[in-house]
Amino acid sequence: MLQHPKDDMANRLPVWEACSEFYLDIELDASDYVRIATICANSPYSSNELDTIMFDEVWPAFSPNLMAVAGEWSGWTKDAIKESILASFKSRRRLPWKLNPIKRFYCSDWTVVKEAVANLRASQA
């Protein structure tokens, strides 16, 4: 089970930074996915825990940027990411992200990253 984000900041922040890129008003490419996957693969989190971090922590903080007319495209500072996520964090059970059509639409490439994470971890084993 995941620790509360405040109690796991050293491990959480790099994953938050990487996952927040999905919410920028830019087009990610294959090299972005590899970089994000590498950060996630090097984290101590399981595949399910990465889903939880992505959709229960990062999504609530940054998904409004996806719907903004002129959303953020250059990225957020570490402090801004930390503040936004902690301010929006609520510990509660949610439907799996694949059952949410909005999350599936906006973050469909998350499955590409997760597959890359699995491949990276398998090659490191």
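Keep in mind it's a predicted model, so treat the numbers as computed, not measured.

Definitions and limits used
Residues numbered from 1 in each chain as written. Predicted model: local features only at pLDDT ≥ 70, side-chain atom pairs only at ≥ 80, totals over all residues. Heavy atoms only, no water. Helix = DSSP H or I, 4+ residues; strand = E, 2+ residues; numbered from the N terminus. Contact = heavy atoms within 4.5 Å. Axes fitted to C-alpha atoms, helices over the stretch in contact; angles between N-to-C directions. Parallel < 35°, antiparallel > 145°, perpendicular 65-115°, else oblique. Nonpolar A, V, L, I, M, F, W, Y, C, P; charged D, E, K, R; others polar.

Draft legend 1. Broad picture of the environment of Ile 85. As for its position among the elements, Ile 85 is in helix H5 (residues 78-88). Residues Ile 85 and Asp 25, spaced 60 residues apart in sequence, show a C-alpha to C-alpha distance of 18 Å. Filtering out sequence-adjacent residues up to four positions away, Ile 85 remains in contact with Trp 16, Glu 57, Val 58, Ala 61 and Phe 62.

Draft legend 2. How the structure looks around the packing of helix H1 (residues 9-20) against H5. Across the interface, H1 lies against H5 with an axial gap of 10 Å and an inter-helix angle of 100°. With respect to H5, the axis of H1 lies roughly perpendicular. Seen from H1, the contacting residues are Met 9, Leu 13, Trp 16, Glu 17 and Ser 20; seen from H5, they are Lys 78, Ile 81, Lys 82, Ile 85 and Leu 86. Looking at the contact of H1 with H5, its residues break down into six nonpolar, one polar and three charged.

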